[in-house]
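# Observations on the model geometry
The chain contents come next:
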Protein chains: 2
Amino acid sequence: MPPDNAQRKRQRVTIADVAAELSVAVSTVSNAYNRPDQLSPELRARVLAVAAQLGYPGPDPLARSLRQQQAGAIGVLFAERLRYAFTDPAAVLVLDGIASALEQADLSLLLVPGRADTTTTVQRALVDGFIVYSMLEADPLVGAALARRIPTVLLDQPPRAGVPSITVDDADGAHQIADHLLRFGHRRFAIITDRLSEPLTSTDLSLHEQAAHTFFVTQLRCQGYRTALEAAGLRWQDVPIHECADNSQADGAAAMQALLHMSPRPTAVLCITDRLALGALTAAQQAGLAVPSDVSIVGFDDIPSAAHASPPLTTIRQAHRDKGLLAGQALVALLRGEAVAERITLPVELVVRGSTEPAAGC
Amino acid sequence: MPPDNAQRKRQRVTIADVAAELSVAVSTVSNAYNRPDQLSPELRARVLAVAAQLGYPGPDPLARSLRQQQAGAIGVLFAERLRYAFTDPAAVLVLDGIASALEQADLSLLLVPGRADTTTTVQRALVDGFIVYSMLEADPLVGAALARRIPTVLLDQPPRAGVPSITVDDADGAHQIADHLLRFGHRRFAIITDRLSEPLTSTDLSLHEQAAHTFFVTQLRCQGYRTALEAAGLRWQDVPIHECADNSQADGAAAMQALLHMSPRPTAVLCITDRLALGALTAAQQAGLAVPSDVSIVGFDDIPSAAHASPPLTTIRQAHRDKGLLAGQALVALLRGEAVAERITLPVELVVRGSTEPAAGC
DNA sequence: GTATATTTCTGAAACGTTACAGACAAAAAC
DNA sequence: GTTTTTGTCTGTAACGTTTCAGAAATATAC
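Just so it is clear, the structure is predicted and the values come from calculations on it, not from any experiment. (Residues numbered from 1 in each chain as written. Chains lettered and ligands numbered in written order. Predicted model: local features only at pLDDT ≥ 70, side-chain atom pairs only at ≥ 80, totals over all residues. Heavy atoms only, no water.)

### Quick notes on the protein's contact with DNA strand C
Formally: Summary of the distance rule: residues count as near a molecule or strand when at least one heavy atom falls within 4 Å of that molecule or strand. Distance and chemistry together define a polar contact, namely a pair of N or O atoms within 3.5 Å, with one atom able to donate a hydrogen and the other to accept it when in protein, and with adjacent residues in sequence counting only for side-chain atoms on both sides. We count a stretch as a helix when DSSP gives it H or I for four or more residues in a row; a strand needs E for two or more, and each element gets its number in order from the N terminus. When residues are sorted by character, Ala, Val, Leu, Ile, Met, Phe, Trp, Tyr, Cys and Pro go into the nonpolar class, Asp, Glu, Lys and Arg into the charged class, and all the rest, Gly among them, into the polar class.
Close to DNA strand C lie 27 residues; Ser30(A), Asn34(A), Arg67(A), Thr28(B) and Ser40(B) are nearest. Of what DNA strand C places within 4 Å of the protein, 67% of the atoms are sugar or phosphate. A distance of 2.4 Å is found between a phosphate oxygen of DNA strand C and a side-chain nitrogen or oxygen belonging to Ser30(A). Taking Arg67(B), its side chain carries an N or O atom lying 3.3 Å from a base nitrogen of DNA strand C. Sorting the residues of the surface near DNA strand C by element identifies α2 (26-34) and α4 (61-68) of chain A together with α2 (26-34) and α4 (61-68) of chain B as the ones contributing at least two each. Broken down by element, the surface near DNA strand C gets its largest block of residues, four residues, from α4(A). Across the surface near DNA strand C, the residue classes break down as nine nonpolar, 12 polar and six charged.

### Observations concerning the relation of the copies chain B and chain A
Formally: Here the copies are matched by least squares. The fit uses the C-alpha atoms of residues with pLDDT of at least 70 in both.
In screw terms, the move from chain B to chain A is a rotation of 180 degrees and a rise of 0.0 Å along the axis, fitting with an RMSD of 0.1 Å. Both copies of the chain, as the preceding transformation shows, are related through a two-fold rotation axis. Considering only C-alpha atoms, the residue of chain B closest to the rotation axis is Leu110(B), which sits at 2.2 Å.

### Things to note about the sheet that holds strand β9 (residues 296-298) of chain B
What holds strands together in a sheet is hydrogen bonding between their backbones, with the strands either parallel or antiparallel. Residues and elements named next belong to chain B. Here is the rule we go by: Paired strands, as defined in this entry, are two strands with at least two bridges between them according to DSSP. Convention adopted: a line fitted to C-alpha atoms gives each axis, helices being fitted over their contacting stretch, and angles between N-to-C directions are expressed from 0 to 180 degrees. Here a residue-residue contact requires only that any non-hydrogen atoms of the pair lie within 4.5 Å.
Pairing within the open sheet is parallel, and its four strands lie in the order β7-β6-β8-β9. Strands at the two margins of the open sheet, each flanked by one partner only, are β7 (241-243) and β9. Averaged over all neighbouring strand pairs, the angle between strand axes comes to 15 degrees, with direction disregarded. In this sheet, strand β8 (residues 268-271) lies alongside strand β6 (residues 189-193) in parallel orientation, the contact comprising four bridges. Across the sheet, the residue bridging to Ile-191 is Leu-270, located in β8. Its contacts with the sheet put helix α8 (residues 170-183) on β6, β8 and β9, and the angle it makes with β8 is roughly 175 degrees. Of the strands in this sheet, β6 and β8 are in contact with helix α10 (residues 216-231), which crosses β6 at around 175 degrees.

### Some remarks on the pattern of salt bridges
For the record, the criterion: The salt bridge criterion pairs a side-chain nitrogen of Lys or Arg with a carboxyl oxygen of Asp or Glu, the two atoms within 4 Å. Relative accessibility under 20% of the residue-type maximum defines a buried residue, over 50% an exposed one, and the middle range a partly exposed one, all with a 1.4 Å probe and only protein chains included.
All told, the structure shown has 22 salt bridges over all chains when counted by the stated rule. Measuring nitrogen to oxygen at the nearest pair gives 2.5 Å for the salt bridge that ties Arg353(A) to Asp302(A). In this pair, Arg353(A) sits in the segment after β12 (349-351) while Asp302(A) sits in the loop between β9 (296-298) and α13 (304-308), placing the two residues 51 residues apart along the sequence. Per residue, the accessibility class of Arg353(A) equals that of Asp302(A), and both read buried. Note that Asp302(B) and Arg317(B) form a salt bridge whose closest N and O atoms lie 2.8 Å from each other. In this pair, Asp302(B) sits in the loop between β9 and α13 (304-308) while Arg317(B) sits in strand β10 (residues 315-317), placing the two residues 15 residues apart along the sequence. Residue Asp302(B) is classed as buried on the basis of its relative accessible area, which comes to 15%. Residue class for Arg317(B) comes out partly exposed when judged on its relative accessible area of 32%. A single salt-bridge network, built from bridges that share partners, covers Asp302(A), Arg317(A), Glu349(A) and Arg353(A).

### Things to note about the domain arrangement of chain A
Residues and elements named next belong to chain A. Using the following cut-off: Each domain's extent is set by a domain assignment, obtained either automatically or from a database. Summed over both partners, the accessible area lost on bringing two parts together, with a 1.4 Å probe, is the buried area.
We note that the domain assignment places domain 1 (5-59), domain 2 (71-168 + 320-346) and domain 3 (170-318) within chain A. Taken over C-alpha atoms, the centre of domain 2 sits 28 Å from the centre of domain 3. Taken together, the contact pairs 20 residues of domain 2 with 15 residues of domain 3. For the pair domain 2 and domain 3, the summed buried area comes to about 1500 Å², and 58% of that belongs to carbon and sulfur atoms. The three residues of domain 2 that bury the most area against domain 3 are Leu-136, Val-168 and His-320, which together make up 36% of that side's buried surface. The tally of links between domain 2 and domain 3 comes to four residue pairs in polar contact (both at pLDDT 80 or more). Contributing elements (two or more residues each) for the side of domain 2 that touches domain 3: α5 (89-104), β5 (165-168) and α14 (320-335). A per-element tally of the side of domain 2 that touches domain 3 places α5 first, with three residues. Considering only residue class, the side of domain 2 that touches domain 3 consists of 10 nonpolar, five polar and five charged.

### Some words on the protein's contact with DNA strand D
Contacts to DNA strand D come from 27 residues, most closely from Thr28(A), Ser40(A), Ser30(B), Asn34(B) and Arg67(B). A distance of 3.1 Å separates a phosphate oxygen of DNA strand D from a polar side-chain atom of Gln69(A). Counting residues per element, the ones that place at least two in the surface near DNA strand D are α2 and α4 of chain A together with α2 and α4 of chain B. Among the elements that take part in the surface near DNA strand D, α4(B) stands out by supplying four residues, more than any other.

### Quick notes on the interface of chain B and chain A
Taken together, the 66 residues of chain B in the interface contact 64 residues of chain A. Taken together, both faces of the contact between chain B and chain A bury some 5300 Å²; the carbon and sulfur share is 58%. Where chain B packs against chain A, one counts zero salt bridges. Remark: the boundary between chain B and chain A carries two residue pairs in polar contact (both at pLDDT 80 or more). Taken together, the elements giving at least two residues each to the side of chain B that touches chain A come down to α4, α5 (89-104), β2 (108-112), α6 (120-124) and α14 (320-335) of chain B. In terms of residues, the side of chain B that touches chain A owes the most to one element, α5(B), which gives seven residues.

### Remarks on unusual backbone geometry
The omega angle of the peptide bond from Ser263(A) to Pro264(A) is 0 degrees, so this bond is cis rather than trans. With respect to the element layout, Pro264(A) can be found in the loop between α11 (249-260) and β8 (268-271). Here the bond from Val291(A) into Pro292(A) is cis, since omega is 10 degrees, no more than 30 degrees from zero. Of note, Pro292(A) is situated in the loop between α12 (274-286) and β9. With a phi angle near 55 degrees, Ser23(B) is a residue other than glycine that sits in the positive phi range. When you line up the elements, Ser23(B) lands in the loop between α1 (15-22) and α2. The phi angle at Gln69(B) is positive, at roughly 60 degrees, despite the residue not being glycine. Inspection of the secondary structure puts Gln69(B) in the loop between α4 and β1 (73-78).

Written out as structure tokens, the structure reads:
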């Protein structure tokens, strides 16, 4: 299709053209669209007819939004790559929840691409507010969003004073699921996690230093594992941690393969997400190991496919969709000038399924 | 959190305030942000310092967009409920593809909620273009989008003159997969489809009448089934069609249960999507039937979980992600004033897996 | 030392609306 | 027959930027 068709950028028809054609005031044309009660039905009909004839596409949204000082959309900042939003099952559920909240408020949802090299998309996003979801605390995009000084809600983010935050009790979940394995008599653990800036092998201080470069939920979950294992008398330094570049099944499988070469082999593998766990599961089985009799594997998140794996995955359930819904509702409330809780922490629940059993010799 | 905190709508700081404070022209402040080469580094530093001190959040995106006549985002119209976009695996892949294309062009993606009762969200969407994806042709939202007279690409939609359209050869796919079953000797078919306005049991004319109220791909696929079956000497009127309200596994299962009560029972079930097929599969198995020996089941789309089902699903593969990518790229080209193909049709591929086998007695 | 660039800053005109106060006439109230 | 209300329509001032031609000052060329 040549560009010189109906979609070509031809001379723009504005409200002024319609007004001129009819010899009425521009405000009258405006009223025809926005306040039908402010003019006679006959005139309104004429205005609309002339507008159609002239090819006037209706009031320009940008001009209207500038005048009314509202964009009618909220922005979601999530992950480095926009496409990731559509790939991760847990994220999909969260976005679904956000979408539900917005739908009720007639707001649109702007997905802002998070290229690390520029913050301009955030600075120029036409939105009335932001939901910042699972970004690195040090990510410039987060700073750029907060610098906009528009209503913002943090979701799975380190809380900041003055900004409503919704978080999940990830540390508790990690603690619970590690405890579950400890009660089964497991003593040789390994951890498969997504990207850490450095292995979590040093002191608390170092934990804090690297915090800004580690995903908040990753931090919390690792902390949960740690406190549980240390409470059982295990030394954190002795627990092998395998770090994956991506939260994907493929990376989980690769990590598992690496762990299987260790000796003594771990009898329980703590995966920081279900996707990694599912990968680990298949890798273990392909290596000829039986799950859970040779090795117990647990995940985190209870994504839909966790229940359908064989064996089904023992994991930590959280209400992904409600989490998103809550965040969306909080932002909507903020936009309306209503009060909002500064901090909400959602509970988690241990879901025991077939991928775990007592350690051999118990 | 009380609304009177840092996020309260306080007196707004504009570029003029910064300029006044410094006794420079507003254009100088503007240049400090947008054209650093247009002013001395010292003055620029002073401007930025004063801006920070005054709490100026940077140039207002709405005003900038109005002035520059571009929103920096494109809108996607999809399904009735925004949340559906995040639920359907095929749609997720398509959106992922669209997102990739936009990411490269530094454009954001606006998901417009499609409430049938109002078109205002479409009319007011702050976007430079639209991708209309799998909407009912008669949906007012589609009309509203086209009425905006901004660059638009149709995806899995009935083509319209002057608007670039990207479609998939769904009819061919349906024909192929029906043929596959016919070659296996099947003669007793049933069809499970998503919402139709009326059962597809009448003449071609009626097909056209209801077209505007049926999803385009549903139409194409049903046509494909029909031509294949009729070419094999079967009468379309004799083929039971079960219509589902939603494209969900649950609805597919319910449909299958209904079909199982028929006698003679169909030996082959054509499902118009993989999700319906997966539901049908489990329902058949729960009813004590073996798939494929008692009944062959096929899907359409080759979503990721189709390969992981047991038995894995025979289906029609299409390049969901590439489809979205192509649509995104076409829209980007349109926005740049480049020429774009008016019509692209993507091929499909039959993927034979374990859910089909020759009919008993062959 | 004049003419020509170059750098740095300015002012006003858009961008296309909507909100609001008011003008005018016709209808309603007393 | 005056006042009050109602119904229609108008004009103008925002909304907060960016753009662009040009002014002023400073540097460069000859």
